[in-house]
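Understanding the architecture of this molecule
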Amino acid sequence: MEHDVEVAPVNLAARVDDALSVQALAFGLTEEEVGIRRHIVLRHLLCPGAHALGATTPGGRLVGFVYGMPNDRTHWWSTVVEPYLRSNGVDDWLDDSFVITELHVHPAYQGRGIGRRLITTITDGAAQSRSILSAIDTESPARGLYRALGYRDLARRVLFPSAPKPYAVMGAPLPLLRGA
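Report on the accompanying structure. Everything quoted here is computed from the prediction, not taken from an experiment.

Reading the values: rules and limits
- Residues numbered from 1 in each chain as written.
- Predicted model: local features only at pLDDT ≥ 70, side-chain atom pairs only at ≥ 80, totals over all residues.
- Heavy atoms only, no water.
- Helix = DSSP H or I, 4+ residues; strand = E, 2+ residues; numbered from the N terminus.
- Rg over C-alpha atoms; globule rule 2.2 N^0.38 Å.
- Buried < 20%, exposed > 50% of the residue type's maximum accessible area, 1.4 Å probe, protein only.
- Contact = heavy atoms within 4.5 Å.
- Lys, Arg positive; Asp, Glu negative; His and termini not counted.
- Charge placed at Lys NZ, Arg CZ, Asp CG, Glu CD.
- Pairing = 2+ DSSP bridges.
- Axes fitted to C-alpha atoms, helices over the stretch in contact; angles between N-to-C directions.

Moving on, we come to the overall build of the protein. Summing up its helical and strand segments, the protein has five helices and seven strands in all. Scaling as 2.2 N^0.38, a compact globule of 180 residues should have a C-alpha radius of gyration of about 16 Å, and the protein matches this with 15 Å. On the principal axes, the C-alpha backbone points of the protein span a range of 50 × 40 × 30 Å. For the protein, the proportion of its 180 residues judged to be buried stands at 46%. At a minimum sequence separation of 6, the contacts of the protein that also span at least 24 residues come to 66%. Of the charged side chains in the protein, 18 are positive and 19 negative, and the gap between their average positions amounts to 4 Å.

Encoded structure:
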């Protein structure tokens, strides 16, 4: 059950390989992509205000994680999404926002409310008035969860360099909605 899994702060730098093994399974990453993302995650964790939560089993196995940080318009992600948001008249979402940088749950543990607990817990601790994130621009359980929490599409068909599929940028006021 989801209550057998504890959501709590995690030293993601120390557990980066565990986290990336979850992400690789959840997201279908190659070994090369995992190596690239390892450097990105470690760099992100040095950003001011960055923090992470992990979902661990009673035995200490990491089965999910989330990390994020206050948005900074000079960060790579912001520079990629800003023109899409500006064209929709919503680039102000890049200010006073907490970015969900990564959120992944091991496939065997999906559908148990763990992702919901991770994202609501991390955003409940954010000082910003809203949250933004990007997700593959397809109807998926993840996009359904984000909508249920109050996220709405700010831009669609966002193309990231080297990403094979377009993304949607979504935003929600904080605190996130609760309920079903």
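Let's pick the thread back up.
Once that is clear, we can look at helix α4 (residues 114-124). Burial in α4 covers these residues: I114, G115, L118, I119, T120, I122 and T123. On its buried face, α4 is in contact with β1 (6-9), β2 (51-56), β3 (62-70), β4 (97-105), β5 (130-136) and α5 (141-148).

Another aspect to go through is the sheet that holds β1. Spatially, the seven strands line up as an open sheet ordered β1-β2-β3-β4-β5-β7-β6, and their pairing is mixed. The sheet is open, and its two edges are formed by β1 and β6 (152-158), each paired on a single side. Taking each pair of neighbouring strands and ignoring which way they run, the sheet shows an average axis angle of 20°. Pairing geometry for β3 and β4, over seven bridges, is antiparallel. Counted as the bridge partner of G64 is V105 from β4.

All we've got here are geometric facts, nothing functional implied.
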